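What follows is each chain in one-letter form.
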Amino acid sequence: MPGEASVDVKAAVIREKSGKFLIEDLSLEAPRSDEVLVRVAGVGVCHTDLVCRDQYFPVPLPCVFGHEGSGIVESVGKSVTKVKPGDRVVLSFLACGHCEPCLEHSPGYCHALYDCNFAATRLDASTTLRKGDEVIHGNFFNQSSFATHALATEKNTVKVPDDVPLELLGPLGCGILTGAGAVMNSLNPRPGMSIAIFGCGSVGLAAVMAAKVAGCAQIIAVDPNASRRELARELGATHAIDPTQGDPIEGIHQIRPTGVHYTLECTGIPKVLRQAVDSLTLTGVCGLIGVSPVGTECSIDMNSIMFGRSLRGIIEGDSVPDVFIPRLIELYKQGRFPFDRLVTFYKLEDINTAVEDTEQGKVIKAVLRP
């Protein structure tokens, strides 16, 4: 039960599947030994928050979502050495740190990834948020940062420099990290190679910017939204295709007759995944990022795969946040990764407007400022 060792917070609570976010006064536990209390400066609204609201994955309700938080450390547990009060941080995803993928520096494929990020409890099944005697599930991505304060652990807290706008940095913890990492870490194209990116939301546009940094010669953005195609061109795409005005596979083959070396599927739509695979050259690789409901299936031509093409899933851009987030910040400071152009700010109290604008395609990356 909350008592003296708790913090009063305001948070956006989801109480029913696909329901509205409700701003409520809650109690948040003080940090345990390995935990960090962060006053949230900004938090991105990510597609994953919304699909979990809609129960694509069975996250327990009522729950506080939010997993792209940035802020200032207010207090730390007695065993924390990585950060101290006053430090500026970005919060990312949690991994156990001791399974085989974690030990091989692939935390996105942690064997406990679901329990660490989607169970909405600590790993010992305890909860951190309450409203009086009522349990409110927190610990979403080990932060639940749609709130004035978030409780994370040392593991998923990344210290960031003082010379960049703190409220801007939260999306580096997941969406921007995923899109950029999918190109720079997972696919790792050599300069002069080609890539087609299906879906130009924040993840896809981060991939476009990363492809430009990587030196891709053809960067093809595929999206039905004209303003997003235009922005993709401004951020580095060499071509843009409207999939509602013809077969995008044919459009890609008109640009590169043998198909592209790499594709990224960022929509979670089975038909689009098939298009992304069929747009590849022989030995090309398609990376799947888009999130679909559990059990979603897609038809793939087996002969297409047999002739050297590959399809692979990508979680969190194959990133180690402590390494990759500082790299993206440095590229941003140099003007080579202008992800700030994707961001529109909202107050925490206006979260439902931010979500509606996101779902209607009016904004690319909504960031809440509690």
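Residues numbered from 1 in each chain as written. Predicted model: local features only at pLDDT ≥ 70, side-chain atom pairs only at ≥ 80, totals over all residues. Heavy atoms only, no water.

Peer 1: Kindly report on the environment of asparagine 352, identifying the contributing residues and their values.
Peer 2: Relative to the helices and strands, asparagine 352 resides in helix 11 (residues 351-359). Here asparagine 352 falls in the partly exposed class, since its relative accessible area comes to 24%. Sequence separation between asparagine 352 and phenylalanine 21 is 331 residues, and the spatial gap between their C-alpha atoms is 6.2 Å. Contact partners of asparagine 352, with chain neighbours within four places excluded, come to Lys20 and Phe21. (Helix = DSSP H or I, 4+ residues; strand = E, 2+ residues; numbered from the N terminus. Buried < 20%, exposed > 50% of the residue type's maximum accessible area, 1.4 Å probe, protein only. Contact = heavy atoms within 4.5 Å.)

Peer 1: Help me get a handle on the pattern of salt bridges, residues and values and all.
Peer 2: This model, assessed by the stated rule, comprises 22 salt bridges. The salt bridge partner of lysine 10 is aspartate 25, with a shortest N-O separation of 2.7 Å. Placement of lysine 10 in strand 1 (residues 6-14) and of aspartate 25 in strand 2 (residues 22-29) is noted, with a sequence separation of 15 residues between them. With a relative accessible area of 49%, aspartate 25 lands in the partly exposed category. With a shortest N-O distance of 3.1 Å, arginine 39 and glutamate 74 are connected by a salt bridge. Of this pair, arginine 39 sits in strand 3 (residues 35-44) while glutamate 74 sits in strand 5 (residues 69-76), placing them 35 residues apart in sequence. (Salt bridge = Lys/Arg side-chain N within 4 Å of Asp/Glu carboxyl O.)

Peer 1: Before we move on, can you summarise the pairing of strand 14 (residues 260-265) with the specific residues and values?
Peer 2: Among the six residues that make up strand 14, five are buried, leaving the element largely enclosed by the rest of the structure. Note that strand 11 (residues 194-198) and strand 14 share four bridges and pair parallel. Bridging from a neighbouring strand, alanine 196 pairs with threonine 263 of strand 14. Sheet topology note: the strand 14/strand 15 (residues 280-288) ladder contains five bridges and is parallel. Within the sheet, the bridge partner assigned to leucine 264 lies in strand 15 and is glycine 287. This β-α-β element, strand 14 to helix 8 (residues 270-278) to strand 15, shows right-handed connectivity. (Pairing = 2+ DSSP bridges. Right-handed = clockwise from strand over helix to strand, strands pointing away.)

Peer 1: So what about the layout of surface pockets? Which residues, and what values?
Peer 2: Of the volumes computed, that of the second largest pocket is approximately 350 Å³. In terms of lining residues, the second largest pocket is bounded by 17 residues, among which Ala95, Pro107, Lys155, Val320 and Asp322 are the most central. Looking at the lining of the second largest pocket, the elements that each hand over two or more residues are helix 2 (100-103) and helix 10 (321-333). (1 Å grid on protein atoms, 1.4 Å probe; cavity = no way out; pocket = protein on both sides within 12 Å on 5 of 7 lines; lining within 4 Å. Points joined across faces, edges and corners; volume = space filled by probe spheres on them.)

Peer 1: I'd like a description of a nonpolar patch on the surface, backed by residues and values.
Peer 2: Together, Leu282, Met306 and Phe307 give the surface a local cluster of nonpolar side chains, amounting to about 350 Å² of exposed area. In this structure, methionine 306 sits in helix 9 (residues 302-306). Looking at methionine 306, the relative accessible area reads 59%, which means it is exposed. (Patch = residues over 30% accessible without salt bridge, like charges linked within 9 Å, V, L, I, M, F, W, Y side chains within 5 Å. Areas by Shrake-Rupley, 256 points an atom, 1.4 Å probe, with all protein chains shown as cover.)

Peer 1: Any details on empty space enclosed by the protein? Residues and values, ideally.
Peer 2: Enumeration according to the criterion identifies one cavity of 30 Å³ or more in this entry. Of the pockets and cavities examined, the largest cavity occupies roughly 50 Å³. As for the largest cavity, its lining consists of Val9, Leu28, Val64, Thr128, Leu129, Asn139, Gln143, Ser144, Ala147, His149, Ala150 and Leu151. The element that contributes the greatest number of residues to the lining of the largest cavity is strand 9 (residues 149-153), accounting for three residues. When the residues that make up the lining of the largest cavity are grouped by side-chain class, the tally is seven nonpolar, five polar and no charged. (Nonpolar A, V, L, I, M, F, W, Y, C, P; charged D, E, K, R; others polar.)

Peer 1: Could you give an account of the sheet that holds strand 16 (residues 310-313), naming the residues involved and the relevant values?
Peer 2: Across the sheet, six strands lie side by side as 13-12-11-14-15-16; this open sheet has parallel pairing. A strand with exactly one partner marks an edge of an open sheet, and here the two such strands are strand 13 (239-241) and strand 16. The mean angle between the axes of side-by-side strands here comes to 20°, regardless of whether they run parallel or antiparallel. Across the sheet, helix 8 touches strand 11, strand 14, strand 15 and strand 16, and the angle it forms with strand 15 is around 145°. (Axes fitted to C-alpha atoms, helices over the stretch in contact; angles between N-to-C directions.)

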